[in-house]
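A structural walkthrough
Okay, here's what each chain looks like letter by letter:
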Amino acid sequence: MASATSPSNPRESHPPLRIALLAAPMEPVPPVAYGGTERVVAALAEELARRGHDVTVFASGDSKVSARLVPVIPVALWRRGYRGDVSSFIAAGIAECWRRADEFDVIHSHVEGLGFLMARHCPTPVLSTLHGRLDSFGMPQLLNAFRDVPLVAISHSQRRWAPEANWVATIHHGLPLDRAPFGDRPGEYLAFVGRCTPEKGVAEAIELATLSGMPLRMAAKVHDPEEQEHFEEVVRPAIDDGRIDWLGELPPAQRDPMLASALATLMLGAWPEPFGLVAIESLACGTPVIARRAGALPEIVEHGVDGFLVDDVAEARLAVELAPRLNREEIRRRALARFGVERMTDAYENAYRALLSARRALRPVPASRDAA
């Protein structure tokens, strides 16, 4: 049997790293309720620290992490009711992380393209994980201007619009899914979790519940003006006539049991979702996902095994009828194997070390005295 320091155990064959994780300050790390990126940063910070790395998290001061915390603002913006532009707050966090760059071996940025200037000019290597879509809002132009910046995609679907970018890896998200409650039998309602926006398929979820005669429980974030408008136009009428059970924004302690007890989780938005944390959380509970065949969801849901991939509400209605036939124990087993935090952290450790090796290879070699 190989010893703990043997090369066959790569986790033990490298010294620990000094790692900075940079998050945007809209939500604490981890978030109290809704928040995708912040959950991933929290899970990664905890696992990296558990493995012995020296981890520093740049985030809002109300974050709760085992690693060292550098508060970029005292309280997360959305927690204190702020609904304005966030770019200046993110820039301040970038500036503080950049100022302290010599304290770290590697900086891992989770602030989208706003961190690209730091990534190009910082003396410490910077790895940027992109969490949003890359086909709009100026991202194609930005990626083209920063082809040298090392990037991680969260799905193959996400990165397909920037084939010439400097992709270091594609790393699917991972979470500590073994803590998720398990629903061993199909429930009697459908579930929706997400943002109250058109691209998330809110209207389609309500339509499907009506067509299938199934109750629908909705736990959704309503912060931004677009979300508030969509809520008033689409959701409130469905609440008023009793078509849905509106739960609002739920913390994980309430959201996860709701997912575990559902017949299926609905993700019917016709948009290129870069990943889909709700999908892996539902699968970890044993609850199948009925998803639009778009974005990264085909990389998460295997049709007829973990749930169903559909093209419209008519197909989704058939999927509701077939959902009770799926093996919920197998759904959970596959989710834990494919999307656990250990697998994600392994991949990021490899990416950090590859980035450091590449940086060392680029350093000029001092001329020897014999060559003088």
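All residue numbers refer to positions counted from 1 along the written sequence of the respective chain. It should be noted that, the model being predicted, local features are given only for residues of pLDDT at least 70 and side-chain atom pairs only at 80 or more, the latter also being counted only at that level, while totals for whole chains, interfaces and linings use all residues. Side-chain measures were taken over the full set of non-hydrogen atoms in the model, leaving aside hydrogen atoms and water.

Some words on the overall build of the protein chain
A count of helices and strands for the protein chain gives 13 helices and 13 strands. Computation of the radius of gyration draws on C-alpha atoms alone. For the globule rule, the value is 2.2 Å times the number of residues to the power 0.38. In summary, the protein chain has a C-alpha radius of gyration of 22 Å against a globular reference of 21 Å for 372 residues, a match within 12%. Here the C-alpha coordinates of the protein chain stretch approximately 85 × 55 × 35 Å along the principal axes. Exposure categories follow from relative accessible area, calculated using a 1.4 Å probe and restricted to protein chains: below 20% of the type maximum is buried, above 50% is exposed, and the middle band is partly exposed. Going through the 372 residues of the protein chain one by one, you find that 53% of them count as buried. Numbered from the N terminus, helices here are DSSP runs of H or I no shorter than four residues, and strands are runs of E no shorter than two.

Quick notes on the pairing of strand β11 (residues 264–267)
Of the two faces of β11, the one holding Ala264 and Leu266 and the one holding Thr265 and Met267 are both buried throughout. Being paired, for any two strands, means DSSP has found at least two bridges between them. Where strand β8 (residues 190–195) meets β11, two bridges bridge the pair, whose relative direction is parallel. Across the sheet, the residue bridging to Ala191 is Thr265, located in β11. Across three bridges, the pairing between β11 and strand β12 (residues 289–292) is parallel.

Concerning the sheet that holds strand β10 (residues 245–246)
Across the sheet, six strands lie side by side as β10-β9-β8-β11-β12-β13; this open sheet has parallel pairing. Only two strands of the sheet have a single neighbouring strand rather than two, namely β10 and β13 (307–310).

Focus: the environment of Arg185
Residue position: Arg185 is located in the loop between β7 (167–170) and β8. Using a relative accessible area of 61% as the deciding quantity, one classes Arg185 as exposed. Note: C-alpha distance between Arg185 and Pro324 (139 residues apart in sequence) is 8.1 Å.

Comments concerning the pattern of salt bridges
Any carboxyl oxygen of Asp or Glu that lies within 4 Å of a side-chain nitrogen of Lys or Arg is treated as forming a salt bridge with it. Under the definition given, this model contains 29 salt bridges. Glu273 is the salt-bridge partner of Lys200, the closest N and O atoms lying 2.7 Å from each other. In this pair, Lys200 is assigned in the loop between β8 and α6 (202–212) and Glu273 in the loop between β11 and α9 (277–284), connecting sequence segments 73 residues apart. Here the two residues Lys200 and Glu273 agree in accessibility, since each one is buried. Put simply, Arg333 and Glu330 hold a salt bridge, and the shortest N to O gap is 2.7 Å. You can see Arg333 and its partner Glu330 sitting in helix α12 (residues 328–339), three residues apart, about one turn around the helix. The partly exposed category is assigned to Arg333, whose relative accessible area is 49%. Classification of Glu330 by relative accessible area gives partly exposed; the value is 29%. In the salt-bridge network here, residues are joined through shared partners; they are Glu47, Arg50, Arg51, Asp346 and Glu349.

Describing the packing of α6 against helix α7 (residues 225–240)
Structural elements are reduced to axes, namely lines fitted to C-alpha atoms, with helices fitted over the stretch in contact, and the angle between N-to-C directions of any two is expressed from 0 to 180 degrees. Contact pair α6 / α7: the axes reach a minimum separation of 10 Å and the direction vectors enclose 15°. Here α6 lies roughly parallel to α7, going by the angle between them. When the axes of α6 and α7 are compared, the crossing they make is left-handed. Listed contacts from α7 to Val202, Ala203 and Ile206 of α6 are His230, Val234, Val235 and Ala238. For the contact of α6 with α7, the class distribution of residues is six nonpolar, one polar and no charged. Roughly parallel here means an angle under 35 degrees, roughly antiparallel means over 145, roughly perpendicular means 65 to 115, and every remaining angle is called oblique. By convention, the crossing between two helices is left-handed when the near helix turns anticlockwise from the far helix through less than a right angle, and right-handed when the turn is clockwise. Note on contacts: a residue pair qualifies if any of its non-hydrogen atoms lie within 4.5 Å across the two residues. Side-chain classes are defined by residue name, with Ala, Val, Leu, Ile, Met, Phe, Trp, Tyr, Cys and Pro counting as nonpolar, Asp, Glu, Lys and Arg as charged, and the others, Gly among them, as polar.

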